[in-house]
Amino acid sequence: MTRITRLARHLARFFASTRVARRGFSVRTRVLAGMLGLITLAFAVTGTVVYLLQVRTMDARIDDSLKRSVQEFQVLAARSSESATASAPLTAEALLYTAMQQTLPAKHEGMLSMVNNDVRWTAPEIVQLRPENDPEFIAWAVNSAPDERVMLQTVPTAKATYRVVSIPLTLAQPQPPAHLFLAYDYTAEQQALNRGFLMYVAVGLAILLVAGAAGWLLVGRFLRPVALLRDTARKISESDLSQRIKVVGRDDLAELTMTVNAMLDRVENAMVSQRQLLDDVGHELRTPVTIVQGHLELMDPLDPEDVNQSRDIALAELDRMSFLINDLVTLANSNRVDFVQPAATNIGTLLDDLLDKARPLGDRVWRIGHRVEATADVDPQRITQAMLQLCSNAVKFSADGSTITMGTNITTDSGNEVLRFWVRDEGVGIAVTDQERIFERFGRGHNSKRTEGSGLGLNIVSAIAGAHGGSIGVSSDVGVGSTFVIEIPIAPEKEEDEPNTDH
């Protein structure tokens, strides 16, 4: 099983493993649970804080109301004392009666007055809170209420919990002990607050249910590309990599879908290229093996001339096989990230070096047609390899003494600068029908011979250009010559064109 085939199958297994049966809860369920958990936590924290603040506000409101009642009673007592006369002295019963007549209790508030530890006056019947009907409250008022100062405190009984202020009466003339009691039913106030909080909880639960239903639908819609991704991965097999995922929306999942589709394109192209390579390699290697095997089988071991001839043929075919294997290794490495190692390179100096290295390739007139003085980030070794391959092809398909021209220039394409390396020959040219095929693996034109090279040279040049983010192209006329151009997008630091110079 090949490496790419294993990659495709591992990819299918990975996405198929997201099924609920293998992973427990689905992503949809976990996302929804997380969302509802956060909403519930927010409701709980908010509700708790609001409830505690409301309890604190309720306590402050009750105490403030009782304190105001004390102040109002003290003002009333002062006025009543000033208006009292010797013939009509102020009595505790009269002051208590007047105070209770002028006091309107709030909801859940009650009052009563006691003289000499007996209940003397009570609130009107309209008042709902009747502390006089609570024996424990009366017992507290008789036994525990202070006789010398105003006291605000909480009194718990079996019926309720009261927030009570007791006001003792101290008059100038000796009179039996008297008290005015103003009480709030703290239990009823708290129950009213709790009912509001229960309403908040009920509304929160309803919102959670609605959010859960809406979230289930929305999360399912958002995760639809993931489901499509999973289903597509299940359909992927070694024999069918054509399945693609429909892109839905413009969000992160849509980008994920496009990324996976691009990955599937690369995997499919790699597998197609691999199959084609295996077929072509098998075909290309079969020929030299057959030649060597045939000559060895027919060789007469007793004939030295036949032995030497067969040996020369076998060595030549083995050299061609070695050359083919080296080219295949180069193509295999072209998929690696470190295939090219760009560095700041002086293009003019690189072109001069290329001219010096190309001259030994053949008896041609070598010249530079155009040069650009600039610095660009390219891999000088790979560019040299690609240009020398183009020069070798130019020598192969041109006559002795003809001119081969190399050059560089920088053009602007859609606002981006492009560095161009080119090689022009005066050879036999390439037919239009062959100009696309010659860059394929083992692609050859009709005017080439199988024994001339491995058929991978231009494919290697194309791989080097692609690794630089560029491309290679050709323009050619049969019988006139060909021009091969490598285009690499760059951002040059400096550009100085010089006039054409022949070398």
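Coordinates for the structure precede this section.
(A) Representation of the pattern of salt bridges. Tallied over the entire structure, the rule returns 11 salt bridges. Between R371 and D352 there is a salt bridge, with its nearest N and O atoms 2.8 Å apart. With R371 in the loop between strand 7 (365-370) and strand 8 (372-378) and D352 in helix 10 (residues 347-358), this pair connects stretches of sequence that are 19 residues apart. On the basis of relative accessible area, D352 is assigned to the partly exposed category, the value being 26%. Beyond isolated ion pairs, a larger network of salt bridges with shared partners links D352, R371 and E373.

(B) Up close: the nonpolar core. By size, the foremost hydrophobic cluster in this structure holds 46 residues, and its most contacted members are M387, L390, M406, L419, F421 and I486. Counting residues per element, this core draws most heavily on helix 11 (residues 380-396), at 7 residues. Residues contacting L419, with those up to four places away along its chain left out, are I347, V372, A376, V378, N409, I410, I486, E487, I488 and I490.

(C) Structural view of the sheet that holds strand 7. Ordered by their spatial adjacency, 5 strands build an open sheet running 7-9-10-12-11, and the pairing between neighbours is mixed. Two strands close off the open sheet at either side, each with one partner strand: strand 7 and strand 11 (471-477). The sheet shows a mean angle of 20° between the axes of neighbouring strands, taken without regard to direction. For strand 9 (residues 403-413) and strand 10 (residues 416-424), the ladder comprises 9 bridges, and the chain directions are antiparallel.

(D) Spatial organisation of the packing of aromatic side chains. This structure, assessed with the given rule, holds 8 aromatic pairs. Judged by centre distance (6.0 Å) and plane angle (25°), the ring pair of F197 and Y200 falls under stacked. Taken together, the residues span about one helical turn, with F197 and Y200 both in helix 6 (residues 186-222) at a distance of 3 residues. Grouping aromatic residues by their ring pairs yields a cluster made of F43, Y51, F197 and Y200. Over the aromatic face of W121 sits the side chain of R120, whose NZ or CZ is 4.0 Å from the ring centroid.

(E) Main features of the packing of helix 11 against helix 12 (residues 457-467). Close contact between helix 11 and helix 12 brings their axes to 9 Å; oriented N to C, the two are set at 150°. Considered as vectors, helix 11 and helix 12 are oriented roughly antiparallel to each other. Two packed elements cross with a definite hand, and for helix 11 against helix 12 that hand is left-handed. Taken together, the residues of helix 12 that come into contact with helix 11 (itself represented by R382, Q385, A386, Q389, L390 and N393) are G457, L458, I460, V461 and I464. For the contact of helix 11 with helix 12, a count of residues per class yields 6 nonpolar, 4 polar and 1 charged.

Reading the values: rules and limits
Residues numbered from 1 in each chain as written. Predicted model: local features only at pLDDT ≥ 70, side-chain atom pairs only at ≥ 80, totals over all residues. Heavy atoms only, no water. Salt bridge = Lys/Arg side-chain N within 4 Å of Asp/Glu carboxyl O. Helix = DSSP H or I, 4+ residues; strand = E, 2+ residues; numbered from the N terminus. Buried < 20%, exposed > 50% of the residue type's maximum accessible area, 1.4 Å probe, protein only. Core = buried A, V, L, I, M, F, W, Y, C linked by side-chain atoms within 4.5 Å. Contact = heavy atoms within 4.5 Å. Pairing = 2+ DSSP bridges. Axes fitted to C-alpha atoms, helices over the stretch in contact; angles between N-to-C directions. Phe/Tyr/Trp six-rings, centres within 6.5 Å; stacked < 30°, edge-to-face > 60°. Lys NZ or Arg CZ within 6 Å of the ring centre and 35° of its normal. Parallel < 35°, antiparallel > 145°, perpendicular 65-115°, else oblique. Left-handed = near helix turned anticlockwise from the far one by under 90°. Nonpolar A, V, L, I, M, F, W, Y, C, P; charged D, E, K, R; others polar.

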